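# Examining the three-dimensional arrangement
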Amino acid sequence: MAFTMPTNIESRPVTVIGGGTLGRKIALMLSNRGGTVRVVDKIPEVREAAKAYVDEMTPTVIKSIDGGKAGTIELFDDMADAVPGSWLVVEAVPEKKDLKVSLFGELDKIADADAILATNSSSYASEEIIGEVEHPERVCNVHFYQPPELPAADLMSCGQTDEQVLPFLKEELAKHGVYGFVAAKKSTGFIFNRIWAAIKRECLSVVADGVSTPQDIDQMWMINFGMSWGPFQLMDKVGLDVVRDIELHYMDERPGLPTNTIELLDEYIARGDLGKKSGKGFYDYSQES
Ligand SMILES: NC(=O)c1ccc[n+]([C@@H]2O[C@H](COP(=O)([O-])OP(=O)(O)OC[C@H]3O[C@@H](n4cnc5c(N)ncnc54)[C@H](O)[C@@H]3O)[C@@H](O)[C@H]2O)c1
């Protein structure tokens, strides 16, 4: 059936596929006006942790949202049970292209005909993951950062996205305190994430070259820009394995980028130091609750 814009969205759920670092944050934001968000993850502990995170953060987040109200989080292990009925599906599974291609092929089959399908991928243009999709006019990128602290989002067409989809999403997301900016043409890393990738890359290179340390670079960044966090702290929050996958994708596209960034990340990853989620990355979080 041909795609038409979704209707009755107030009474329909949103589904988030993947309840990890970003999936749970997306669920937090999309449930902050009292709606239902279905979180799908194959790992039971991740599902439970995602719900616990939303429960913990919601009282703070809804204070800053016009019409803010705690929503309902429903947990699923199979997306075939969660997706039907949803007006929006946001994919937040690991940054592996093959996984995303087959997942979008499956989503396109099981989603309602008027559902919008968005990928939260940090570096794949949605154009690259529609190989098994019959209705690309409903597929796009919606790239969240780390809401609620970083509430901007990149929006980008897959090249065939219906022209009503991105303006509609921009308007809807703003109601939830997420501010979308549309990349006007295909761009790996969209708008802000592409700029951020260059910053991360040079920071990692400076450390890999033995010029400085993550701690000193973060200190300089905070002093100079008057910010409360530095690039290495943010990479720890993102997850060093995720940072690595993203950089590998840029390296595939642009031969000649430095490889010492990956070598440095590999040292941490080999020790199991993945950042905040494992208790240690560039910083030690083992004493935090
Ligand atoms: N971490 C960040 O700060 C960040 C920021 C913006 C965008 N992203 C993007 O978001 C996506 C997810 O990143 P993340 O950091 O949340 O990863 P993550 O590893 O923390 O979480 C991914 C989750 O997906 C689940 N999963 C894997 N296959 C699945 C499937 N078939 N069905 C359901 N669940 C499945 C895993 O069990 C895992 O819990 C990536 O594309 C990444 O590039 C991440």
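It should be emphasised that the depicted structure is a prediction, and the values quoted were computed from it without experimental measurement.

What follows covers the domain arrangement of the protein. In many reports, interface size means the accessible area that the parts give up when they come together. Looking at the assigned domains, one finds that the protein contains domain 1 (9-182) and domain 2 (195-278). Counting residues at the interface gives 10 residues for domain 1 and 10 residues for domain 2. Here domain 1 is connected to domain 2 by 3 residue pairs in polar contact (both at pLDDT 80 or more). Of the residues in the side of domain 1 that touches domain 2, the class split is 2 nonpolar, 4 polar and 4 charged.

Turning next to the site of the ligand. Around the ligand, the structure places 24 residues, and the nearest of them are L22, D41, E95, K100 and S122. Take E95: an N or O atom from its side chain is 2.6 Å from an oxygen atom of the ligand. At a separation of 2.8 Å, an oxygen atom of the ligand approaches a polar side-chain atom of S122. Its free accessible area being 840 Å², the ligand has 88% of it covered by the protein chains.

Right, let's get into helix α10 (residues 260-270). Looking at α10, one finds that the buried residues are N260, T261, I262, L264, L265 and Y268. Lining the buried residues of α10 we find α6 (192-208), α7 (214-225) and α9 (240-253). At the C-terminal side of α10, G272 shows a positive phi close to 85°.

Burial of strand β1 (residues 14-17) is two-sided: the residues V14 and V16 facing one way and the residues T15 and I17 facing the other way are all buried. As paired elements, β1 and strand β2 (residues 36-40) share 4 bridges and run parallel to each other. By the bridge assignment, V16 is partnered in β2 with V39. Pairing between β1 and strand β4 (residues 88-91): 4 bridges, direction parallel. Of the residues in β4, the one forming a bridge with T15 is V89.

Let us now look at the pattern of salt bridges. Where charged atoms from two side chains of opposite charge come close, those side chains can pair. For the structure shown, the criterion picks out 15 salt bridges. Notably, a salt bridge pairs K96 with D245, separated by 3.4 Å at the nearest N-O pair. Residue K96 is located in the loop between β4 and α4 (97-110), and its partner D245 is located in helix α9; the two are separated by 149 residues in the primary sequence. Overall, the relative accessible area of 42% leaves K96 in the partly exposed class. Between E288 and K276 there is a salt bridge, and its shortest N-O distance comes to 3.8 Å. In this pair, E288 sits in the segment after α10 while K276 sits in the segment after α10, placing the two residues 12 residues apart along the sequence.

Moving on, we get to a negative patch on the surface. A contiguous patch of negative charge, built from D77, D78, D81 and E106, is present on the exposed surface. Structurally, D78 is set in the loop between β3 (72-76) and α3 (79-82).

With that settled, the discussion passes to unusual backbone geometry. Along the chain, P147 connects to P148 via a cis peptide bond; the corresponding omega equals 5°. Relative to the assigned elements, P148 resides in the loop between β6 (139-144) and β7 (152-157). The residue N8 is not glycine, and still its phi comes out positive at about 50°. Mapping N8 onto the fold places it in the segment before β1. Look at F190: it is not a glycine, yet its phi comes out positive at around 60°.

Among the nonpolar cores identified, the biggest contains 36 residues, and L88 and I116 are the most heavily contacted of them. Looking at which element gives the most residues to this core, the answer is helix α1 (residues 21-30), with 6 residues. Not counting the four nearest positions on each side in its chain, I116 is found in contact with F3, M5, P6, W87, L88, V89, R138, C140, V165, F168 and L169. Among the nonpolar cores identified, the runner-up in size contains 21 residues, and M79, V83, A115 and I129 belong to it.

One way to put it is that α9 packs onto α10 with a least axis distance of 10 Å and a crossing angle of 155°. Between α9 and α10, the interaxial angle falls into the category roughly antiparallel. Between α9 and α10 lies a crossing whose hand is left-handed. Residues L240, D241, V243, R244, E247, L248 and M251 of α9 form the contact with α10, whose participating residues are T261, I262, L265, D266, Y268 and I269. Of the residues that constitute the contact of α9 with α10, the class distribution is 8 nonpolar, 1 polar and 4 charged.

Criteria and cut-off values
- Residues numbered from 1 in each chain as written.
- Predicted model: local features only at pLDDT ≥ 70, side-chain atom pairs only at ≥ 80, totals over all residues.
- Heavy atoms only, no water.
- Domains from an automatic or database assignment.
- Contact = heavy atoms within 4.5 Å.
- Polar contact = N/O pair within 3.5 Å; in protein donor to acceptor, adjacent residues only side chain to side chain.
- Nonpolar A, V, L, I, M, F, W, Y, C, P; charged D, E, K, R; others polar.
- Near = heavy atom within 4 Å.
- Areas by Shrake-Rupley, 256 points an atom, 1.4 Å probe, with all protein chains shown as cover.
- Buried < 20%, exposed > 50% of the residue type's maximum accessible area, 1.4 Å probe, protein only.
- Helix = DSSP H or I, 4+ residues; strand = E, 2+ residues; numbered from the N terminus.
- Pairing = 2+ DSSP bridges.
- Salt bridge = Lys/Arg side-chain N within 4 Å of Asp/Glu carboxyl O.
- Patch = residues over 30% accessible without salt bridge, like charges linked within 9 Å, V, L, I, M, F, W, Y side chains within 5 Å.
- Lys, Arg positive; Asp, Glu negative; His and termini not counted.
- Charge placed at Lys NZ, Arg CZ, Asp CG, Glu CD.
- Core = buried A, V, L, I, M, F, W, Y, C linked by side-chain atoms within 4.5 Å.
- Axes fitted to C-alpha atoms, helices over the stretch in contact; angles between N-to-C directions.
- Parallel < 35°, antiparallel > 145°, perpendicular 65-115°, else oblique.
- Left-handed = near helix turned anticlockwise from the far one by under 90°.

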